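Architecture at a glance
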Amino acid sequence: MPDVILVTGGRGLVGNAIRHVLDTEPPNTRYGRRDGETWVFVGSRDADLRDAAATKALFEKYKPTHVVHLAALVGGLFMNMKYKLSMLRDNIHINDNVLHTSYTTGVQKLVSCLSTCVFPDGITPPLREDKIHLGPPHDSNFGYAHAKRLVDIANRAYKEEFGCNFTAAIPTNIYGPHDNYDLEDSHVIPGLIHKCYLAKKNNTPFVVAGSGKPLRQFVFSRDLAKMFIWQLREYNDVEPIIFSVGEDDDVSIRYVAEQIVKAFDFKGETKFDTSKSDGQYRKPASNEKLLRLVRETSKDNEQFKFTPFEQGLKESVDWFIANYDQARVGKRA
Ligand code: NAP
Ligand code: GDP
């Protein structure tokens, strides 16, 4: 019997990146498709995972042996600030349905997706996997953060009570093709890509929210996809793993804006709207555990190679320009 790997949230930013990596890496390699594996990518039109019966029906249809659980109500700083209860409730329901159905249907391995938002605010840097539950998360996203934290709690409880092989990844800020480019609710990179596109088209200023000073670790979705494929195949521990570039490889929002301007060859004015929130100033996360494990499980002590930020960003901008008509842009301007 082949392994059936169900990817929930499979039609979003990360799901599309996993599909891309499987399709472009040579078959039967570390990150390519392997004989004996069937990958199924599903989105919300396949099943509303907030609904227990719909989740059960989805699992009955595909009979997954493995699950990569990406589906979530997800957005950037401003969406998290506006919809705290929805971010809490929708994600609690989605996660409980996916985890419990995975248990009841005998899924052999489940990898869920958290976020560095789960970490306590103001904790001594760097963020490490063992610091998740040491204090309350930042106020701007406490709904989403608590829902995601509970996945780690549930993974441990499913393991202790039922022996399940459930674990999780903790990515930093992700960007790449197929993102959500909504002007208000998206994360910073897709939001700014869309804003710069419109500024160039309409000959208006390019407006960046906040001071531009906060720092973020950005991970290219196709690099992250490799990490998920590796974790699914080669990692069997409940302890989550941070998926990120190095903690010193964070860049300022101002630098992000400058690189987007460069990628678009935008000649107009860039403005910083300091009436808008900066959110957390910095949340440096350590990727030491990830790099060590990927290296130790490789054939010849191979290091994980990250796509340079400037290259990943240029590819993302070019993808957006080429796919504007199909891209998720929210209300079309
Ligand atoms: P995304 O592009 O918005 O994709 C989210 C996916 O979840 C979509 O496929 C969406 O379905 C699906 N989904 C949402 N609500 C659903 C529901 N009620 N039932 C079924 N499916 C539902 O997000 P992403 O950036 O790829 O996020 C993937 C994972 O990474 C999430 O768990 C997120 O929390 C996490 N994460 C993201 C970031 C980031 O910077 N983007 C950072 C850290 C962690 P449709 O395609 O049908 O809409
Ligand atoms: P975070 O990394 O979880 O905080 O989420 P975001 O991806 O939303 O990044 C938020 C940071 O980018 C804050 O410092 C915002 O002030 C800044 N930022 C600048 N312009 C934008 C924008 O258009 N959208 C978003 N979401 N953030 C922006």
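As shown above, the structure is provided for reference.
Below is a short write-up of the structure. This structure is a prediction, so every number in the text was calculated from the model and none was measured.

The environment of ligand 1 is formed by 28 residues, the closest being L13, S44, L70, Y144 and R328. Between ligand 1 and L70 there is a distance of 2.8 Å, counted from an oxygen atom to a backbone nitrogen or oxygen. Contact distances for ligand 1 include 2.8 Å between an oxygen atom and a side-chain N or O atom of K148. When ligand 1 sits alone it has 900 Å² of accessible area, and the protein chains cover 89% of it. By residue class, the composition of the shell around ligand 1 is 14 nonpolar, nine polar and five charged.

Turning our attention to the packing of helix α6 (residues 188-202) against helix α10 (residues 309-322). Where α6 meets α10, the axes come as close as 11 Å, and the angle between the chain directions of the two elements is 55°. Accordingly, the angle class assigned to the pair α6 and α10 is oblique. Pair α6 / α10 crosses with right-handed handedness. Residues I189, I193, H194 and Y197 of α6 form the contact with α10, whose own contacting residues are F309, L313, S316, V317, F320 and I321.

What follows deals with the site of ligand 2. Contacts to ligand 2 come from 17 residues, most closely from L77, K195, R216, S277 and D278. V188 places a main-chain nitrogen or oxygen 2.9 Å from an oxygen atom of ligand 2. Burial of ligand 2 by the protein chains amounts to 97% of its free accessible area of 550 Å². Elements represented by at least two residues in the shell around ligand 2 include exactly α3 (77-82), α6 and β7 (206-209). Counting residues per element, the shell around ligand 2 draws most heavily on α6, which supplies three residues. In terms of residue class, the shell around ligand 2 is built from eight nonpolar, five polar and four charged.

Our focus in this paragraph is the pairing of strand β5 (residues 166-171). For a regular strand, the rule is simple: side chains alternate between the two faces of the sheet. The buried fraction of β5 is high, at six of six residues. Residues F166, A168 and I170 of β5 are buried on one face, and the alternating residues T167, A169 and P171, pointing to the opposite face, are buried as well. As defined by bridge partners, strand β4 (residues 109-113) adjoins β5 across four bridges and the pair is classed as parallel. Note that in β5 the partner of L110 across the bridge is F166. Running through helix α5 (residues 142-162), the crossover from β4 to the neighbouring parallel element β5 is right-handed. As paired elements, β5 and strand β10 (residues 241-243) share three bridges and run parallel to each other. The residue bridging P171 from the neighbouring strand is F243, located in β10.

This part takes up the sheet that holds strand β2 (residues 37-41). Pairing within the open sheet is parallel, and its six strands lie in the order β2-β1-β3-β4-β5-β10. Bordering the open sheet on either side are β2 and β10, each of which pairs with just one other strand. Each strand axis lies, on average, 20° off the axis of its neighbour in the sheet, ignoring direction. Here strand β1 (residues 3-8) pairs with β2 via five bridges, running parallel. Paired with V4 across the strands is T38, a residue of β2.

Here the focus is the packing of aromatic side chains. The tally for this structure, following the rule as stated, stands at 20 aromatic pairs. Taken together, a centroid distance of 6.3 Å and an interplanar angle of 40° make the contact between Y158 and F162 tilted. Here Y158 pairs with F162, and both are found in helix α5, just four residues apart, close to one helical turn. Its relative accessible area of 38% is what places F162 among the partly exposed residues. With a centroid separation of 5.3 Å and an interplanar angle of 85°, the aromatic rings of Y197 and F320 are classed as edge-to-face. Within this pair, whereas Y197 is found in helix α6, its partner F320 is found in helix α10, the two being separated by 123 residues in sequence. Per residue, the accessibility class of Y197 equals that of F320, and both read buried. Each member of the aromatic cluster is reached from another via a ring pair, and the members are Y181, Y197, F264, W319, F320 and Y324.

Take a nonpolar patch on the surface next. On the surface, a cluster of nonpolar side chains totalling about 230 Å² of accessible area is made up of I92, L150 and I153. With respect to the element layout, L150 can be found in helix α5. Look at L150 and you get partly exposed, because its relative accessible area is 43%.

Moving on: the pattern of salt bridges. Within this structure, the stated rule accounts for 18 salt bridges. Among the salt bridges present, the one from R50 reaches D90, with a minimum N-O distance of 3.2 Å. Of the two residues, R50 sits in the loop between β2 and α2 (52-62) while D90 sits in helix α4 (residues 84-104), which places them 40 residues apart along the sequence. D185 is the partner of K82 in a salt bridge, and the nearest nitrogen-oxygen pair spans 3.0 Å. Here the residue K82 occupies a position in helix α3, and D185 occupies one in the loop between β6 (173-175) and α6, the gap between them amounting to 103 residues. Classification of K82 as partly exposed rests on a relative accessible area of 44%.

About the criteria used
Residues numbered from 1 in each chain as written. Chains lettered and ligands numbered in written order. Predicted model: local features only at pLDDT ≥ 70, side-chain atom pairs only at ≥ 80, totals over all residues. Heavy atoms only, no water. Near = heavy atom within 4 Å. Polar contact = N/O pair within 3.5 Å; in protein donor to acceptor, adjacent residues only side chain to side chain. Areas by Shrake-Rupley, 256 points an atom, 1.4 Å probe, with all protein chains shown as cover. Nonpolar A, V, L, I, M, F, W, Y, C, P; charged D, E, K, R; others polar. Axes fitted to C-alpha atoms, helices over the stretch in contact; angles between N-to-C directions. Helix = DSSP H or I, 4+ residues; strand = E, 2+ residues; numbered from the N terminus. Parallel < 35°, antiparallel > 145°, perpendicular 65-115°, else oblique. Left-handed = near helix turned anticlockwise from the far one by under 90°. Contact = heavy atoms within 4.5 Å. Buried < 20%, exposed > 50% of the residue type's maximum accessible area, 1.4 Å probe, protein only. Pairing = 2+ DSSP bridges. Right-handed = clockwise from strand over helix to strand, strands pointing away. Phe/Tyr/Trp six-rings, centres within 6.5 Å; stacked < 30°, edge-to-face > 60°. Patch = residues over 30% accessible without salt bridge, like charges linked within 9 Å, V, L, I, M, F, W, Y side chains within 5 Å. Salt bridge = Lys/Arg side-chain N within 4 Å of Asp/Glu carboxyl O.

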